[in-house]
Amino acid sequence: MKPKLIRTIEAMRAYRESLDGTPETLGFVPTMGGLHRGHKSLIDSCRRGSTVVCVSIYVNSAQFAPGEDYGRYPVTLEADFLLCESCGVDVVFLPREVDMYPSSLVRTVAGEPARNPGRSEGSSRPTFFRGVATVVCKLLSLVRPADLYVGQKDAQQCAVITLLCAEFWPLTRVHVVATVREHDGLALSTRNLYLDENQRAFAPRIYAALQRALREFRGGERNASKLTRAVRDCLEKEKPQAFELIYVSICGKLDILELNYKVAIPEPSERAVLICVAAKMGDSRLIDNIELVLT
Ligand code: AMP
């Protein structure tokens, strides 16, 4: 069946109210469109866990800084609807900019997440988490999902959303879904569309570098500087001109606080830890991460 298409806040509110008092459980997958198998995996998890599946498609201006790719972010609405239909989505919510950001005052309400996320995405894109937190606040207060599905590919975003939900929507369960990759390890991303052939050929090196660090960790290495060096070495060897490493960081999975690099990395049983990479490849900004686990 074709999903119901909702475009206005009023229609979304009315739809949501129609579920109140019924046994339906609403699962929600927020996206910026340009849907691919990574999004599909979130939608499939949502379909398995909820009686009503809602997907939003909205390119959130507030999370883009000036000079980033807001104006040229891929829009593939027809293909997105078809994918939603084939996955059994019940509702596609396509809010309009004027509804999401009716005044510049509202844009600042969500503020920065309370914890300073140190060197990683938080300082690389200083207004990014504020923009994400703002749109998630707006969407959740309208959609009121029982279950929310987010992707591990954006691990730092997952941590911010999980902390946000714990504080403001304690009734919403957050589910983090594993990263879906191409056959060569490249994490699927809408922004991969920007890569030319040479860039696409080098891009899987990011995951290969993360795996190398993981192998060293499993081999007993607990020195954070040595692990980030291993990632850097792998990425900076024979790199194309278009490739620029933005950061390699090691942080807590739940709080995204950077580790103190002078202290040994804790064992996975004590604290879940991620290695995160961000890189620029031509016009594309790529991120990936891997959890330091023993098996
Ligand atoms: P986006 O449309 O890029 O904002 O992503 C919407 C949701 O899909 C976010 O929760 C992302 O973390 C998730 N997502 C994006 N790419 C992947 C992937 N390769 N594997 C799993 N989840 C993903």
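Structural data are supplied above this passage.
Residues numbered from 1 in each chain as written. Predicted model: local features only at pLDDT ≥ 70, side-chain atom pairs only at ≥ 80, totals over all residues. Heavy atoms only, no water.

Asks: Residue-level account of the nonpolar core, with values.
Replies: By size, the foremost hydrophobic cluster in this structure holds 43 residues, and its most contacted members are Met 12, Tyr 15, Leu 26, Phe 28, Cys 54 and Phe 93. The dominant element in this core, judged by the number of residues it contributes, is helix H7 (residues 128–143), at 11 residues. Ranked by size, the runner-up nonpolar core spans 31 residues in total, among them Leu 214, Leu 235, Phe 243 and Tyr 261. (Core = buried A, V, L, I, M, F, W, Y, C linked by side-chain atoms within 4.5 Å. Buried < 20%, exposed > 50% of the residue type's maximum accessible area, 1.4 Å probe, protein only. Helix = DSSP H or I, 4+ residues; strand = E, 2+ residues; numbered from the N terminus.)

Asks: Could you give an account of the site of the ligand, naming the residues involved and the relevant values?
Replies: Neighbouring the ligand are 16 residues, the closest being Met 32, His 39, Asp 154, Val 180 and Leu 188. With respect to the ligand, the backbone of Met 32 contributes an N or O atom lying 2.9 Å from an oxygen atom. At 3.0 Å from an oxygen atom of the ligand is found a main-chain nitrogen or oxygen belonging to Gly 151. The fraction of the free accessible surface of the ligand (490 Å²) that becomes covered by protein chains is 92%. Elements with a contribution of two residues or more to the shell around the ligand: strand S2 (26–31), helix H2 (37–49) and strand S5 (147–151). Broken down by element, the shell around the ligand gets its largest block of residues, 3 residues, from H2. (Near = heavy atom within 4 Å. Polar contact = N/O pair within 3.5 Å; in protein donor to acceptor, adjacent residues only side chain to side chain. Areas by Shrake-Rupley, 256 points an atom, 1.4 Å probe, with all protein chains shown as cover.)

Asks: Requested: an account of unusual backbone geometry, with residues and values cited.
Replies: The backbone of Arg 144 shows a phi angle near 45°, a positive value even though the residue is not glycine. Structurally, Arg 144 can be placed in the loop between H7 and S5. The partly exposed category is assigned to Arg 144, whose relative accessible area is 34%. At Ile 256, a residue that is not glycine, the phi angle is positive and equals roughly 50°.

Asks: So, the side chain of Arg 181: which residues are in play, and what are the values?
Replies: Structurally, the position occupied by Arg 181 is in the loop between strand S6 (173–177) and helix H9 (197–202). Here Gly 185 takes part through its backbone oxygen, which lies 2.9 Å from a polar atom of the side chain of Arg 181. A polar atom in the side chain of Arg 181 sits 2.8 Å from the side chain of Asp 288. If we skip the residues at most four places from it in the chain, Arg 181 touches Arg 37, Leu 186, Ala 187, Leu 188, Tyr 207, Asp 288 and Asn 289. (Contact = heavy atoms within 4.5 Å.)

Asks: A description of the sheet that holds strand S9 (residues 284–291) should follow, citing residues and the corresponding values.
Replies: Overall, antiparallel pairing links the 3 strands, which are arranged S7-S8-S9 in an open sheet. Both edges of this open sheet fall to strand S7 (243–252) and S9, since each of them pairs with a single strand only. Averaged over all pairs of adjacent strands, the angle between strand axes in this sheet comes to 15°, irrespective of strand direction. Examined bridge by bridge, S7 and strand S8 (residues 273–281) share 9 bridges and lie antiparallel to one another. Across the sheet, the residue bridging to Ser 249 is Cys 276, located in S8. Where helix H10 (residues 205–218) meets the sheet, it contacts S7, S8 and S9, and its direction lies at approximately 25° from that of S9. Packed on one face of the sheet, helix H11 (residues 224–236) meets S7 and S8 and runs near 155° to S7. (Pairing = 2+ DSSP bridges. Axes fitted to C-alpha atoms, helices over the stretch in contact; angles between N-to-C directions.)

Asks: Before we move on, can you summarise the side chain of Gln 152 with the specific residues and values?
Replies: Assignment of secondary structure puts Gln 152 in the loop between S5 and helix H8 (155–168). Discounting chain neighbours no more than four positions away, the residues touching Gln 152 are Cys 158, Val 176, Val 177, Ala 178, Thr 179, Lys 253, Leu 274 and Asn 289.

Asks: A description of H8 should follow, citing residues and the corresponding values.
Replies: Its 14 residues give H8 an end-to-end C-alpha distance of 20 Å, which sits within 8% of 20 Å, the value for a rise of 1.5 Å per residue. Every buried residue of H8 is accounted for by Ala 155, Gln 156, Gln 157, Cys 158, Ala 159, Val 160, Ile 161, Leu 164 and Cys 165. (Expected span 1.5 Å × (residues − 1).)

Asks: Explain the packing of H10 against H11 to me, using residue names and the numbers behind them.
Replies: Closest axis-to-axis distance for the H10/H11 pair is 9 Å, and the angle between their directions is 150°. By the angle class used here, H10 and H11 are roughly antiparallel. The element H10 and its partner H11 pack so that their crossing is right-handed. Two secondary-structure elements touch here, H10 through Arg 205, Ile 206, Ala 208, Ala 209, Arg 212, Ala 213, Glu 216 and Phe 217 and H11 through Lys 226, Leu 227, Ala 230, Val 231, Asp 233, Cys 234 and Leu 235. Considering only residue class, the contact of H10 with H11 consists of 10 nonpolar, no polar and 5 charged. (Parallel < 35°, antiparallel > 145°, perpendicular 65-115°, else oblique. Left-handed = near helix turned anticlockwise from the far one by under 90°. Nonpolar A, V, L, I, M, F, W, Y, C, P; charged D, E, K, R; others polar.)

Asks: So what's going on with the pattern of salt bridges? Residues and values would help.
Replies: Counted according to the given criterion, the structure contains 19 salt bridges. Of the charged contacts, one joins Arg 47 and Asp 90 as a salt bridge, the two residues approaching to 3.0 Å between their closest N and O atoms. Taken together, the positions of Arg 47 in helix H2 and Asp 90 in the loop between helix H3 (77–86) and strand S4 (91–93) put the pair 43 residues apart, joining distant regions of the chain. With its nearest N and O atoms 2.9 Å apart, the salt bridge here joins Glu 121 to Arg 285. Pair noted here: Glu 121 is in helix H6 (residues 121–124) and Arg 285 is in strand S9, with a separation of 164 residues, a long-range link. Judged by relative accessible area, which is 3%, Glu 121 ranks as buried. Take Arg 285: its relative accessible area is 18%, and that puts it in the buried class. Here the residues in one salt-bridge network are Arg 16, Asp 20 and Arg 144, joined through shared partners. (Salt bridge = Lys/Arg side-chain N within 4 Å of Asp/Glu carboxyl O.)

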